[in-house]
Amino acid sequence: TVDAAALRCELARAAVRCGDPEAAESLLEPLAGGAALPDAVRADALVAWAAARAEHGDVVGVDAAARELEDLLDRDQPAARARRIEMQRGRATARKVRGDVAGAHDVLEALEPPAHGADAGREAILVVADRVELLCDLGRPAEARDLAAPLLEVSPQVTTSWASGRLRRLLAGRVYL
């Protein structure tokens, strides 16, 4: 059913966040059987699969999934923007795992600037946190600090507290200490 497929996608994304991309791939495998799924569920499955493959450094596979995702998404929907951002984060992760830190940063830098301040969502803050980490890896901590500064002026909200905490932890550990 559609609900079961959507649940598999969510569980797969959680598995990736917990460091188990193999579990994510096994959760998504039944969805590759060609069952007719709504575009939104197919898009979620692509994003989850790409996140799992990114952990293995599969740049070619993740880039192919990103192209396929673009064909599914409606440009005007907010959910499409969140999926697109998450896919770009996966593309950057794949490059970083492969050792191409500059390429990973280029992928995230090409995203349209995320909203700062009260309008910054979880995904936007995570993009900034990813860029801060990559800039530190590239030996550019002052640039990382400047990039993160606008987000530090805003108190974390319920939906952004984890992402904001990750950003603050990165700055503390990689820039200020």
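Use the structure listed above.
On a predicted model such as this, the values are computed, not experimentally measured, just so you know. (Residues numbered from 1 in each chain as written. Predicted model: local features only at pLDDT ≥ 70, side-chain atom pairs only at ≥ 80, totals over all residues. Heavy atoms only, no water.)

S.K.: Describe the overall build of the protein, and please don't skip the residues or the numbers.
M.R.: Regarding its fold elements, the protein presents 9 helices and 0 strands. Mapped from its N terminus to its C terminus, the protein presents α and β elements in the order α-α-α-α-α-α-α-α-α. Since a compact globule built from 177 residues should have a radius of gyration of about 16 Å, the 16 Å found for the protein is in line with a globular shape. For the protein, the spread of C-alpha atoms along the principal axes amounts to about 50 × 35 × 25 Å. For the protein, buried positions account for 45% of its 177 residues. (Helix = DSSP H or I, 4+ residues; strand = E, 2+ residues; numbered from the N terminus. Rg over C-alpha atoms; globule rule 2.2 N^0.38 Å. Buried < 20%, exposed > 50% of the residue type's maximum accessible area, 1.4 Å probe, protein only.)

S.K.: Explain helix α9 (residues 161-176) to me, using residue names and the numbers behind them.
M.R.: For α9, every residue scored as buried is listed here: A163, S164, R166, L167, L170, L171 and V175. For α9, the arc enclosing every buried residue in end-on projection is 155°, short of the 170-degree limit, so these residues lie on one face. Of the exposed residues in α9, the ones pointing more than 90 degrees away from its buried face are W162, R169 and Y176. Looking at the buried residues of α9, the elements they touch are α5 (78-98), α7 (122-137) and α8 (141-152). (Arc of directions from axis to C-beta. Contact = heavy atoms within 4.5 Å.)

S.K.: Now, about the packing of helix α6 (residues 101-109) against α7: what can you tell me, with residues and values included?
M.R.: Put simply, α6 and α7 touch, their axes get as near as 10 Å, and they point 150° apart. Overall, the two elements α6 and α7 adopt an arrangement that is roughly antiparallel. Our pair here, α6 against α7, has a crossing hand that is left-handed. Together, V101, A104, H105, L108 and E109 of α6 and V127, D130, R131, L134, L135 and D137 of α7 make up the contact between the two elements. Residue composition of the contact of α6 with α7, by class: 6 nonpolar, 1 polar and 4 charged. (Axes fitted to C-alpha atoms, helices over the stretch in contact; angles between N-to-C directions. Parallel < 35°, antiparallel > 145°, perpendicular 65-115°, else oblique. Left-handed = near helix turned anticlockwise from the far one by under 90°. Nonpolar A, V, L, I, M, F, W, Y, C, P; charged D, E, K, R; others polar.)

S.K.: Hey, could you go over the side chain of D130 for me, with residue numbers and the actual values?
M.R.: Its location among the elements puts D130 in helix α7. In this structure D130 touches R89, L108 and R166, once residues within four positions along its chain are discounted.

S.K.: How would you sum up the state of the cysteines? Please name residues and give values.
M.R.: Inspection of every chain in the model, using the stated rule, returns 0 disulfides. Here C9 is not cross-linked by a disulfide; its sulfur's nearest cysteine counterpart is in C18, at 16 Å. (Disulfide = S-S within 2.5 Å.)

S.K.: Explain the environment of W49 to me, and be specific about the residues and the numbers.
M.R.: As for its position among the elements, W49 is in helix α3 (residues 39-54). Along the backbone, W49 and A24 are 25 residues apart, and their C-alpha atoms lie at a distance of 7.3 Å. Filtering out sequence-adjacent residues up to four positions away, W49 remains in contact with L28, D58, G61 and A65.

S.K.: Give a detailed account of the environment of M87, specifying residues and quantitative values.
M.R.: Within the secondary structure layout, M87 lies in helix α5. When neighbours within four sequence positions are excluded, M87 is seen to be in contact with L46, V47, A50, V62, A65, A66 and L69.

S.K.: So what's going on with the nonpolar core? Which residues, and what values?
M.R.: Counting 16 residues, the largest nonpolar core has V128, V132, A144, A148, L167 and L171 as the members making the most contacts within it. If you list the elements that add at least two residues to this core, you get α7, α8 and α9. Top contributing element to this core by residue count: α7, with 7 residues. Excluding residues within four positions of it along the chain, A144 makes contact with V132, L135, C136, L171 and V175. Membership of the second largest hydrophobic core comes to 15 residues, among which are A43, L72, M87 and A94. (Core = buried A, V, L, I, M, F, W, Y, C linked by side-chain atoms within 4.5 Å.)

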